[in-house]
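Fold and geometry: a report
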Amino acid sequence: MSASQSDVLVKLKVNGKDYERRISPRMHLADFLRSEVHLTGTHVGCEHGVCGACTVLVNGKSVRSCLTFAVQVQDADIRTVESLGVVDNLHPLQQAFWEKHGLQCGFCTPGMLMTAVEFLAANPDPSREEVAEAISGNLCRCTGYQTIIDAIISAAQTLRQGRAEA
Ligand code: FES
Ligand code: FES
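Structure report, in brief. None of the values given here were measured: they were computed from a predicted structure.

In terms of regular secondary structure, the chain is built from five helices and five strands. When its helices and strands are written in sequence order, the chain yields β-β-α-β-β-β-α-α-α-α. In terms of overall dimensions, the chain is globule-like: its C-alpha atoms have a radius of gyration of 16 Å, near the 15 Å expected for 166 residues. In terms of overall dimensions, the chain has C-alpha extents of about 50 × 35 × 25 Å along its principal axes.

Put into structure tokens, the structure is as follows:
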């Protein structure tokens, strides 16, 4: 996008790295992440706060990045799905989604994972009902949700074991 006089300087930390960009004040955080920082793991589905595919963590709290202007989160610490793990070293949630078939097309998955990261940090030993409630704001058109719940319960177990052994 070409620069305009109304552009503003935005400084954000994304997955531990500092970024400074001059952008339109109307640019959403999702667009900032995808087009300015080139982190395309954050998906954009409905663009009006309904589907949850664009969920990222801002200072540890989940937000809809399609409803958040990048300027609103100036100086914040943003965490996206790219912070979780890599192919050879998956985060326990990613591993569990893979093992329990918690995804099919994968479009909802980044938002599901980031929602689950926040949820398990606050509730490390949840019931299935609590998991269902936690992901109720994230839409999935493929799985029927049961395998996603299986995956989050399984990851919670792995994370608890890891903490117990540490
Ligand atoms: Fe943000 Fe759907 S793209 S909630
Ligand atoms: Fe396709 Fe959830 S896996 S939308």
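Within the fold, Glu99 resides in helix 2 (residues 92-99). At a separation of 2.8 Å, a polar atom in the side chain of Glu99 contacts the side chain of Gln95.

Within the open sheet, the five strands sit side by side as 2-1-5-3-4. Their pairing is mixed. Only two strands of the sheet have a single partner each, and these edge strands are strand 2 (17-23) and strand 4 (61-64). Going across the sheet, the axis of each strand differs from the next one's by a mean of 40 degrees, ignoring polarity. Note that strand 3 (residues 55-58) and strand 5 (residues 77-79) share two bridges and pair antiparallel. Residue pairing across strands places Val58 opposite Ile78, the latter belonging to strand 5.

Before going further, it helps to examine the environment of Ser35. Locating Ser35 in the fold gives a position in helix 1 (residues 29-36). Within the structure, Ser35 has its side chain in polar contact with the backbone oxygen of Asp31 (distance 2.6 Å).

Glancing now at the packing of helix 3 (residues 109-122) against helix 5 (residues 146-165). Running from amino to carboxyl end, helix 3 crosses helix 5 at an angle of 45 degrees, the nearest separation of the two axes being 11 Å. Here helix 3 lies oblique to helix 5, going by the angle between them. Judged by the sense of rotation from one axis to the other, the crossing of helix 3 with helix 5 is right-handed. Side by side, helix 3 and helix 5 meet where Met112, Ala116 and Leu120 of the first sit next to Ile148, Ile152, Ala155, Ala156 and Leu159 of the second. When the residues that make up the contact of helix 3 with helix 5 are grouped by side-chain class, the tally is eight nonpolar, no polar and no charged.

Turning to the side chain of Asn138, a few remarks are in order. Inspection of the secondary structure puts Asn138 in the loop between helix 4 (128-134) and helix 5. When its relative accessible area of 3% is taken as the criterion, Asn138 is described as buried. A polar side-chain atom of Asn138 sits 3.2 Å from a polar atom in the side chain of Thr115. The contacts of Asn138, once residues within four sequence positions are left out, are Cys51, Gly52, Thr55, Arg64, Gly111, Met112, Thr115 and Tyr145.

Definitions and limits used
Residues numbered from 1 in each chain as written. Chains lettered and ligands numbered in written order. Predicted model: local features only at pLDDT ≥ 70, side-chain atom pairs only at ≥ 80, totals over all residues. Heavy atoms only, no water. Helix = DSSP H or I, 4+ residues; strand = E, 2+ residues; numbered from the N terminus. Rg over C-alpha atoms; globule rule 2.2 N^0.38 Å. Polar contact = N/O pair within 3.5 Å; in protein donor to acceptor, adjacent residues only side chain to side chain. Pairing = 2+ DSSP bridges. Axes fitted to C-alpha atoms, helices over the stretch in contact; angles between N-to-C directions. Parallel < 35°, antiparallel > 145°, perpendicular 65-115°, else oblique. Left-handed = near helix turned anticlockwise from the far one by under 90°. Contact = heavy atoms within 4.5 Å. Nonpolar A, V, L, I, M, F, W, Y, C, P; charged D, E, K, R; others polar. Buried < 20%, exposed > 50% of the residue type's maximum accessible area, 1.4 Å probe, protein only.

Everything listed here is a matter of coordinates, which is why it stays silent on function.
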